[in-house]
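Here's the letter readout for the chains.
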Amino acid sequence: MRIVALLLASLALPAMAADLEAGKRLVEEKRCEACHHEKTMGDAKAIYLRKDRKVSTLAKLKSQVALCNSELNLQMFPDEEEQVVSYLNETYYKFGK
Ligand code: HEC
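Values in this document were obtained by computation on a predicted structure and should not be read as measured data.

Peer 1: What's the story with the site of the ligand in this structure? I'm lost.
Peer 2: Lining the immediate surroundings of the ligand are 21 residues, of which Cys-32, Cys-35, Arg-53, Val-55 and Cys-68 lie closest. At the level of elements, helix H3 (32–40), helix H4 (46–49), helix H5 (58–71) and helix H6 (78–93) are the ones that each hand at least two residues to the shell around the ligand. For the shell around the ligand, the element with the highest residue contribution is H5, accounting for five residues. Considered class by class, the residues forming the shell around the ligand number 13 nonpolar, three polar and five charged.

Listed below in structure tokens is the structure:
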């Protein structure tokens, strides 16, 4: 599965695909979803897709990622935050660019 996803990603826009891969890896490394899972008591994705979700625009997505990053001292650099935002937007939120 992962290999297929990587192949598909490399066929698409290479720079953007690299960002998405990096964002996905960061979300795993920083254990974002382990914490979200405890909050929603559901599947890790539920927090992004819940009915009363906080994030309703790309700008809000950026500030929420920045907030989780700084509040929780996850120590991501700004370009890493951008990659995480791209990944979450592409995968769950689908706001226009
Ligand atoms: C220690 C716990 C914790 C960690 C770690 C954490 N978060 Fe969160 N996150 C939360 C909580 C709690 C909320 C819900 C905030 C609310 O409802 O006000 C949230 C909400 C969010 C939302 C908004 C969901 C919505 O309502 O649409 C996003 C996006 C998000 N987090 C991204 C991240 C990312 C990316 C990381 C990792 C880099 C991360 N979070 C790490 C606790 C955490």
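From this point, the discussion proceeds with the structure in view.
Peer 1: Teacher, can you tell me more about unusual backbone geometry here?
Peer 2: Excluding glycine, residues mostly carry a negative phi; peptide bonds, for their part, are mostly trans. Not every positive phi belongs to a glycine, and Asn-73 is a case in point at roughly 55°. Within the element layout of this structure, Asn-73 appears in the loop between H5 and H6. Asn-73 sits in the exposed class, given 6 other C-beta atoms within 10 Å. Located in the positive-phi region is Lys-94, a residue other than glycine, with phi close to 55°. Position of Lys-94 among the secondary structure elements: in the segment after H6.

What counts and how
- Residues numbered from 1 in each chain as written.
- Predicted model: local features only at pLDDT ≥ 70, side-chain atom pairs only at ≥ 80, totals over all residues.
- Near = placed C-beta within 6 Å.
- Helix = DSSP H or I, 4+ residues; strand = E, 2+ residues; numbered from the N terminus.
- Nonpolar A, V, L, I, M, F, W, Y, C, P; charged D, E, K, R; others polar.
- Buried ≥ 20, exposed ≤ 12 C-beta atoms within 10 Å, placed from the backbone.

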